[in-house]
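Residue-level structure breakdown
In case you want the letters, here they are:
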Amino acid sequence: MSEHPGTSSIAVCKNDRSAPLGPANATFGPHLHIIYAVSPPSGFPTISVSSQSPLIMSSVTQIMYFKTSQAYLQNPSQFISDLANKDPNKIDGLSKAYLGFETEDPSNAFWVFEWTSKSAHVTYHQSDVFKATKTASRQVFASKPTHTFVGFPSTTGIFSAPVTEFVTFTLKKGVTMDKLQPLVKKLQSKLPGTPKFYGSSWAPVVDKANVVYGVLGWESVKAHWDAVGSGPLKEIIDEVKVVADIWLVHAILAKYNL
């Protein structure tokens, strides 16, 4: 996910059920806490939010993507349980959480957090709880996680779909967003009614104006590729490729109730 600079964060959530989450049907227990704790690199702007930022009081989705440690891959529930014991309290401003593994390469993981505002995330990032769990959380990561913030209009039904597609359109050099935006809107208008499609949401990446992020729900990876293999959707995507570089993978996520 080289298009997304930055490092990870981890939030805290609780789960009222166990759910398969990837390799070897790994499960997380009934009290799930995810704690993220790597500070952003110098100069990375998405952590700093001014009072004038339109997202300061708007909901925002944080997408973490990272290579997992071998120990976490073999027994994620144990690691999550250990992190959960660091602090039993709910994090203010964290409304939903999903996590799982990439289907193309199950050693890669996604942690997705929906915050009531960007400022809520910033507040947590500055808290003593965050600092206390920083060292423990690093045991999960085999690479420096990336984190991306996106103000999606709605993600209802997408992260809870059987498969979630994560895709970015990054403008090619010299191309302006007015060339890409009509294509994204056209794609959105053509997707409804596609077999085994659960919905999509698109928005620019916060503080990265040349990247549009999309999340799409599907019945399966095959359903996605069948839908875009020919016809109108393929034609639109071919147009997108002229003006933007495309990155995409799929993941199977599980939702945890806070």
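1. A closer look at the overall build of the protein
Broken down by element type, the protein carries seven helices and 10 strands. Burial analysis of the protein (258 residues in total) assigns 53% to the buried set. Expressed as a percentage of contacts within the protein between residues at least 6 apart in sequence, the contacts between residues at least 24 apart total 80%. Working note: accessible area of the protein is about 11300 Å², and carbon and sulfur atoms make up 53% of it.

2. Quick look at the pairing of strand E5 (residues 108–115)
With eight of eight residues buried, E5 is to be regarded as a mostly interior element. Taking every second residue as pointing to the same face, both faces of E5 are buried, with Asn-108, Phe-110, Val-112 and Glu-114 on one and Ala-109, Trp-111, Phe-113 and Trp-115 on the other. Examined bridge by bridge, strand E4 (residues 94–102) and E5 share seven bridges and lie antiparallel to one another. Each bridged residue has a counterpart across the sheet, and for Leu-99 the counterpart in E5 is Trp-111. Hairpin remark: E4 followed by E5, antiparallel, with five residues in the connecting loop.

3. Let's talk about the pattern of salt bridges
Under the definition given, this model contains four salt bridges. A salt bridge links Asp-226 to Lys-222, with the nearest nitrogen and oxygen atoms 2.7 Å apart. Of this pair, Asp-226 and Lys-222 both sit in helix H6 (residues 221–228), four residues apart, which is roughly one turn of the helix. Of the residues examined, Asp-226 reaches a relative accessible area of 49% and is grouped as partly exposed.

4. Focus: the packing of aromatic side chains
Per the stated rule, a full pass over the model turns up 14 aromatic pairs. Here Tyr-72 and Trp-111 contribute two aromatic rings whose centre-to-centre distance is 6.1 Å and whose plane-to-plane angle is 75°, an arrangement assigned as edge-to-face. On the criterion of sequence distance, the pair formed by Tyr-72 in helix H1 (residues 70–74) and Trp-111 in strand E5 is long-range, its members being 39 residues apart. Each member of the pair Tyr-72 and Trp-111 is classed as buried. An aromatic cluster of three or more residues is present, and its members are Tyr-65, Tyr-98, Phe-110, Phe-159, Phe-166 and Trp-247. Positioned above the aromatic ring of Phe-149 is the side chain of Lys-118, whose terminal nitrogen or guanidinium carbon lies 4.9 Å from the ring centre.

5. Quick word on the nonpolar core
Ranked by size, the top nonpolar core spans 24 residues in total, and within it Phe-66, Tyr-72, Trp-111, Phe-113, Trp-115 and Val-140 carry the most contacts. Elements supplying a minimum of two residues to this core: strand E3 (60–67), H1, E4, E5, helix H3 (118–125) and strand E10 (244–256). In this structure, Ala-223, Val-228, Leu-233 and Ala-244 belong to the second largest nonpolar core, which totals 23 residues.

6. Digging into H6
The set of residues buried in H6 consists of Ala-223, His-224, Ala-227 and Val-228. Here the buried residues of H6 occupy an arc of 115° about the axis, which is enough to place them on one side. Those residues of H6 that are buried lie in contact with strand E7 (163–171), strand E9 (208–218), helix H7 (232–243) and E10.

7. Re H7
Since the α-helix turns once every 3.6 residues, residues separated by three or four places project in the same direction. Compared with the 16 Å implied by 1.5 Å per residue over 12 residues, the 18 Å span of H7 between its first and last C-alpha is a close match. For H7, the set of buried residues is Leu-233, Ile-236, Ile-237, Val-240 and Val-243. Across the axial projection of H7, the buried residues extend over an arc of 115°, all falling on one side. In H7, the exposed positions angled more than 90 degrees off the buried face are occupied by Glu-235 and Val-242.

8. Things to note about the side chain of His-250
By the secondary structure assignment, His-250 is in strand E10. Of the polar contacts made by the side chain of His-250, one reaches the side chain of Glu-104; its length is 2.5 Å. Polar side-chain contacts of His-250 include one of 2.7 Å to the side chain of His-224. In this structure His-250 touches Phe-101, Glu-102, Thr-103, Glu-104, Val-163, Thr-164, Glu-165, Val-221, His-224 and Trp-225, once residues within four positions along its chain are discounted.

Basis of the calculations
Residues numbered from 1 in each chain as written. Predicted model: local features only at pLDDT ≥ 70, side-chain atom pairs only at ≥ 80, totals over all residues. Heavy atoms only, no water. Helix = DSSP H or I, 4+ residues; strand = E, 2+ residues; numbered from the N terminus. Buried < 20%, exposed > 50% of the residue type's maximum accessible area, 1.4 Å probe, protein only. Contact = heavy atoms within 4.5 Å. Areas by Shrake-Rupley, 256 points an atom, 1.4 Å probe, with all protein chains shown as cover. Pairing = 2+ DSSP bridges. Salt bridge = Lys/Arg side-chain N within 4 Å of Asp/Glu carboxyl O. Phe/Tyr/Trp six-rings, centres within 6.5 Å; stacked < 30°, edge-to-face > 60°. Lys NZ or Arg CZ within 6 Å of the ring centre and 35° of its normal. Core = buried A, V, L, I, M, F, W, Y, C linked by side-chain atoms within 4.5 Å. Arc of directions from axis to C-beta. Expected span 1.5 Å × (residues − 1). Polar contact = N/O pair within 3.5 Å; in protein donor to acceptor, adjacent residues only side chain to side chain.

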